[in-house]
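Each chain, written out:
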Amino acid sequence: MSRCSVVYAALDSEPATTSELYDRVGYRDLLRAGLIPYSAFRGVLVALVAAGRAQTTTAADGTARWWRPDG
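Read on for a plain summary of the structure. In every chain, residue numbers begin from 1 and rise along the written sequence. Residues qualify for local features only when their pLDDT is at least 70, as the model is predicted, and side-chain atom pairs are given and counted only at 80 or more; totals for whole chains, interfaces and linings, by contrast, use all residues. With hydrogens and water stripped out, all remaining heavy atoms of the structure feed into the side-chain values.

The term salt bridge refers to a pairing of a side-chain nitrogen on Lys or Arg with a carboxyl oxygen on Asp or Glu at a separation within 4 Å. Within this structure, the stated rule accounts for three salt bridges. Between R24 and D12 there is a salt bridge; the shortest N-O distance is 3.7 Å. Of this pair, R24 sits in helix α2 (residues 18–25) while D12 sits in the loop between α1 (3–10) and β1 (16–17), and the two are 12 residues apart along the sequence. For D29, the salt bridge goes to R32, with nearest N and O atoms at 3.8 Å. With D29 and R32 both in helix α3 (residues 27–33) and three residues apart, this pair spans about one turn of that helix. When its relative accessible area of 65% is taken as the criterion, R32 is described as exposed. In the salt-bridge network here, residues are joined through shared partners; they are R28, D29 and R32. Strands are runs of DSSP state E lasting at least 2 residues, helices are runs of H or I lasting at least 4, and numbering of each runs from the N terminus. Three exposure classes are used, based on accessible area relative to the maximum for each residue type with a 1.4 Å probe and protein chains only: buried under 20%, partly exposed in between, and exposed over 50%.

In this analysis, axes come from line fits to C-alpha atoms, helices being fitted only over the stretch in contact, and the angle between any two N-to-C directions falls in the range 0 to 180 degrees. One way to put it is that α2 packs onto helix α4 (residues 38–50) with a least axis distance of 11 Å and a crossing angle of 105°. As far as their axial angle goes, α4 and α2 are roughly perpendicular. Residue-level contacts link T18, S19, L21, Y22 and V25 of α2 to Y38, F41, R42 and L45 of α4. Looking at the contact of α2 with α4, its residues break down into six nonpolar, two polar and one charged. Working definition: roughly parallel below 35 degrees, roughly antiparallel above 145 degrees, roughly perpendicular at 65 to 115 degrees, and oblique for all remaining angles. Two residues qualify as a contact provided that any one of their heavy atoms is within 4.5 Å of a heavy atom in the partner residue. Side-chain classes are defined by residue name, with Ala, Val, Leu, Ile, Met, Phe, Trp, Tyr, Cys and Pro counting as nonpolar, Asp, Glu, Lys and Arg as charged, and the others, Gly among them, as polar.

Have a look at this one:
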């Protein structure tokens, strides 16, 4: 499974924080995909946004929230 597909599978139509998504994927799959470094995981989210496969916003508390635009 590619890094993008691992992260994309954790997204849904409800916005979630980076930490929530990281937890959804789980340690085993993060390790297999080489996404243990938080920066690597977040980098994939940014790439998904750039590709139009995800959307992001910043909440009032400063946390990023991510979701699938297609639900």
